[in-house]
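# Coordinate inspection notes
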Amino acid sequence: MKTIEVDDELYRYIASHTRHIGESASDILRRMLKVSEQAITDTSDKKADSKETSLLVSARAETRPQDRVRTVRELLLSDEYAEQKRAVNRFMMVLSTLYSLDPGEFRQATTTMQGRTRVYFAGDEQTLLQSGTHTKPKHIPGTPYWVITNTNTGRKCSMIEHIMQSMKFPQELADKVCGTI
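All values reported here derive from a predicted model rather than from experimental measurement.

This brings us to the side chain of S78. If you trace the backbone, S78 turns up in the loop between α4 (65-77) and α5 (79-82). One polar contact links the side chain of S78 to the main-chain amide nitrogen of Y81, over a distance of 3.2 Å.

In structure tokens form, the structure reads like this:
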């Protein structure tokens, strides 16, 4: 295993493409660069044999709906999720996972979501602070988004449910996720 240095901006970009808790930076980069492990093995063999370097690029595989469901179920069953004592921490983990599954759909789902006087999601902390007093904005790990956290558990669940419905998750899964928060 080798270590490389990247600036903070690049690190946040790579981290924002995390699909599940515990996914390694190597796995994220492989997926982003569309390089399979077999391609790396094949390349290493060729380099050793002929001193040529080539990359074999795997075909891009779209995330199938059942994979998205599996990822959310795996989150709910993970030790890290189970160890969270506070609803806000579980809420943040779910948001981070949903974003990692499809940043575009997540953006669409959160863009129109707001309360009577509050904005729930924004690209910066200041926007949320201006939308109300005592909003307690927190950065959603692995995303460019901030969310207000000074809401009751029911409101957090309705936010998650709205996002999951917009992202076309099965209702029973959204109910299960909300039941764990």
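Turning to the side chain of K156, a few remarks are in order. Looking at the secondary structure, you find K156 in helix α9 (residues 153-166). For the buried residue K156, which engages in no salt bridge, the nearest side chain bearing the opposite charge is E161, 15 Å off. One polar contact links the side chain of K156 to the main-chain carbonyl oxygen of T149, over a distance of 3.0 Å. In contact with K156, not counting residues within four places along its chain, are V88, F91, T149 and T151.

Over its 14 residues, α9 extends 20 Å from the first C-alpha to the last, a length consistent with the 20 Å expected when each residue adds 1.5 Å. Of all the positions in α9, only K156, C157, M159, I160, I163 and M164 are classed as buried. Looking down the long axis of α9, one finds its buried residues gathered within 160 degrees of arc, a one-sided arrangement. Measuring from the backbone nitrogen of G154 back to the side-chain oxygen at the start of α9 gives 3.2 Å, which picks out N152 as the cap. K168 sits one or two positions beyond α9 and adopts a positive phi of about 65 degrees.

Attention now moves to unusual backbone geometry. Located in the positive-phi region is K136, a residue other than glycine, with phi close to 50 degrees. Residue position: K136 is located in the loop between α8 (125-130) and β2 (137-139). Looking at K136, the relative accessible area reads 55%, which means it is exposed. Here the phi dihedral of K168 falls at roughly 65 degrees; this positive angle occurs in a residue that is not glycine. Here K168 is to be found in the loop between α9 and α10 (171-180). Classification of K168 as exposed rests on a relative accessible area of 71%.

Criteria and thresholds
- Residues numbered from 1 in each chain as written.
- Predicted model: local features only at pLDDT ≥ 70, side-chain atom pairs only at ≥ 80, totals over all residues.
- Heavy atoms only, no water.
- Helix = DSSP H or I, 4+ residues; strand = E, 2+ residues; numbered from the N terminus.
- Polar contact = N/O pair within 3.5 Å; in protein donor to acceptor, adjacent residues only side chain to side chain.
- Buried < 20%, exposed > 50% of the residue type's maximum accessible area, 1.4 Å probe, protein only.
- Lys, Arg positive; Asp, Glu negative; His and termini not counted.
- Salt bridge = Lys/Arg side-chain N within 4 Å of Asp/Glu carboxyl O.
- Contact = heavy atoms within 4.5 Å.
- Expected span 1.5 Å × (residues − 1).
- Arc of directions from axis to C-beta.

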